[in-house]
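# Structural overview for review
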Amino acid sequence: MRTRIVPLLLTVTFLFNLSPLGRGNAHSVFTPGYAAPQLAGIPAPEDVLGFVPGDDRKLASWNQVLAYFAALAKASDRVDFETLGKSTMDKPFVMATISAPENLARLSEYRRVQELLADPRKLGPPGVRDRKAAELIKRGKTIVLITCGIHSTEVGSYLSSMLIAHRLASSNEPEIQSILRNTIILLVPSLNPDGVDIVKNWYDKTLGTPYEGTDPPELYHKYTGHDNNRDWYALTQVETQITVDKIHNVWHPQIVHDIHQQGEYGSRLFLPPYMQPVEPNVPKQIVAGYTQLGNFMAREMREQGFKGITTNSTYDAWSPARAYSHYHGGVRILSETASCKIATPITVKFEQLRKGEGYDPRKESANFGPVWRGGEWHLRDITNYMTTAAFLLLRHASENRDEWLSRFYEIGKEAVRPRKKGELQGLDIVNGGANGSLLRHILGRGGVFAVFGEPLNVPKQQSGRGSLHSYVPIAQPYGAFAKALLEAQHYPDLRDSTSQPIVPYDVTAHSLSFLMGVEVLPVYGPLKYKKVLIEEESELPYYGKESRVAIYKSHVPSIDEGWTRWVLQQNGRTSPWTNMDQVVGTRKPPFFSLLDAEVRAGKLINKYESIIIPDQIPATILNGYKAGAMPREYTGGLGQAGMKALREFVEQGGTLVCLNRASNFAIKQFNLPVRDVVADLSQKEFFVPGSILRIELDTSHPLARGTTLAPRMSKESIAWVEDSPVFEIISTGSGSDRVDASNVHVIARYPPDKNPLLSGWLLGESRIRGKAALVEVTMGKGHIILFGFRPQYRGQSLATYPLFFNAISGK
Ligand SMILES: [Zn+2]
């Protein structure tokens, strides 16, 4: 481990006087399985782990990973290793910084170069900026952030991180020397340290049993599971916050290499460019950068004999949810290598290969090939693809250092350019109370500057006159990030040759302004502000009354269940965006987790007032894992015994709150007089792949009453709609257990007289006009509440939190 003594402040003048550092000029091709000249005394991963990362059926624990990097940093003057914070479950969140020793001695200078190029205003008046930037570009290094392991069952990348670090620390190949001189590599062995052990523990426990290679029956991130890679704009989780606060915002990397795995039966490897559409706020230089780099990596790997590589397919660049860097000056190079069964090899037959969006793995085409003929697929194949791709990326970063830094500066220059008359000047956030404060806090974390104050010249017709606003000027380094989160998304109407909608890779909306119910107005002329300093509200006191709440937790992990726990744990904290675990122990969690066995045992009314069933496929709620698919204690869902117990619970006075797809489960199982009108429609007829829609509330109903801070909800609200039912009240025919239609109350509807779409993509809107989005059914002494949307979507839909909290707060 090196001790760094760095100056705390560094002036621009000093930077300009640095002597030029050498640049490598080696251009030879890397080969996997290298046998290169090596430094003595540098530990290899097997010296610490007892196996080579990538060996069949071997996983490293998080402690082993930490031990390896500590040993490497101790032995090598090319490696710094530090703990940046603590994960959700209190494990060290770490990063290795790898570069030539002379670069490591001057990290603060290189950070300063990055800061100045990112915000050219700091270089002085416009006339001198280009000249000063050119000198900085000459001296700077390409900053490359490599992130591994955000999805913990994709084990190849955290294992590869040790192989990558070892080669960089130990090799004397000219190519590696050149990389070390020209780049600074920030290597995060896992963005989700907790998941490393969750997966390893499950894998080791089931090794040698029929369940070897299955996914663990719990979320691999305590609250968000796979959605931890959907958090790069709301920044709710501690791991995201550490990465943004302590890496992105400090280093502004030009290249982020995010290493993932995909399914077993598609391409062997995906590399950018991304398929359409690209979110319009992503700078064109970013698109050019990932296109050039991704194509370079794919071409070189094909030349080296790697098969089954696709580009420009499956994955798009529509959302900041997975790509913080696209709005902060850096390209994101996603790689997706085909998986095996965790660390267990598989055999894939050629006929088993399946088409993806934009390519067919059995046919060579412009963006796919050469064809992989099938066969065995080992963890070693995965680490070979990953490490080869990573070193090609580093080679490009090194050989094109000038170009990467110039492009980075050009992005900054365009971002801060004063906007011309008629161009969008800024965005005006109208008040917004506690939600507005939180929105400002998120933007601030993303590096966005806002003026907070009282506008002096708000036009007469504009709402929010006389109240406090915040104004976000567009001309600032990360103005595009703010714009992406504050404006509506208009997803393009993409169809195939049969006019079937092309299914987007992910959801299509990310407007935090709508999700949080905060009004934002575009500003095209000058707006004058009187700056005011106030104590901002930060408490979100939704949870008015103590109530005994249980959240149903299926053994088949539900991401929405995790988010629901997170949202409830956040409640009542002074800052809604901090980690509850830091104070658990001083205060009882406001809910209980309810497993299948406890539901089946019945007598639920003695313990709980409300039970939440989070969003999940109805058949999975009912049946869980099939017998034989998992160890016995995890199989079977609620079953008939569970259904009987839930019916009793409601009839005896309990409240059952069903979220999104869980509503269809209740409709069917309890024979409710409600029909899902979109259930049987084709995608050509109706399609809403994750969008924000407009709903109208019956504010006389207790569920749509306000909270302590805001006693009234406004009649217009929003709904996060994704795989959602849309309700119509019907009279059910027969059955002794039937509920009469008069027992159903509609609390929210889609507007009858206008298109419900606010942000994202919606086809067939006429099908849902006037239909119900939220209903309450009285059954016996209790109630069933059916949400046809996700009122606590990914911890973001604060606009509909009151509906959710009112639903569970008892009567
Ligand atoms: Zn992944």
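Quantities reported herein were computed from a predicted structural model and do not represent experimental measurements. (Residues numbered from 1 in each chain as written. Predicted model: local features only at pLDDT ≥ 70, side-chain atom pairs only at ≥ 80, totals over all residues. Heavy atoms only, no water.)

### Considerations on the environment of Arg419
- For Arg419, the location among the structural elements is in the loop between helix H13 (401-416) and strand E14 (426-430).
- In this structure, the C-alpha to C-alpha distance between Arg419 and Tyr524, residues 105 residues apart in sequence, is 9.5 Å.
- Every residue in contact with Arg419, bar those within four places of it in the chain, is listed here: Glu414, Leu424, Gln425, Ile474 and Ala475.
- Engagement of the side chain of Arg419 in a polar contact is seen with the backbone oxygen of Ala415, the distance being 3.3 Å.
- Within the local environment of Arg419, its side chain forms a polar contact with the backbone oxygen of Arg417, the two atoms lying 2.6 Å apart. (Helix = DSSP H or I, 4+ residues; strand = E, 2+ residues; numbered from the N terminus. Contact = heavy atoms within 4.5 Å. Polar contact = N/O pair within 3.5 Å; in protein donor to acceptor, adjacent residues only side chain to side chain.)

### Quick word on the pairing of strand E4 (residues 183-188)
- Judged by how many residues are buried, E4 sits mostly within the fold: six of six residues are covered.
- Because side chains alternate across E4, one face comprises the buried residues Thr183, Ile185 and Leu187, and the other comprises Ile184, Leu186 and Val188, equally buried.
- For strand E2 (residues 92-98) and E4, the ladder comprises three bridges, and the chain directions are antiparallel. Residue pairing in the sheet places Ala96 in a bridge with Leu187 of E4.
- Alignment of strand E3 (residues 142-147) against E4, held across six bridges, turns out to be parallel. Along E4, the bridge assignment pairs Thr147 with Val188. (Buried < 20%, exposed > 50% of the residue type's maximum accessible area, 1.4 Å probe, protein only. Pairing = 2+ DSSP bridges.)

### Details of the coordination of the zinc ion
- Those protein atoms acting as donors to the zinc ion are His151 (ND1), Glu154 (OE), Glu154 (OE) and His260 (ND1), and they sit at 2.1 to 2.4 Å.
- Coordination at the zinc ion is irregular, judged from the four donor atoms that bind it and the angles of 55 to 151° they form at the metal.
- Read N to C, the donor residues that coordinate the zinc ion are spaced as H-x2-E-x105-H. Here His260 lies in strand E5 (residues 255-262) and His151 lies in the loop between E3 and helix H7 (156-170), a separation of 109 residues in the sequence.
- With relative accessibility at 3%, the residue His151 sits in the buried group. (Donors = N, O, S within 2.8 Å, 3.2 Å for Na, K, Ca; no water. Tetrahedral: all angles 85-135°; square planar, octahedral: opposite > 155°, others 65-115°.)

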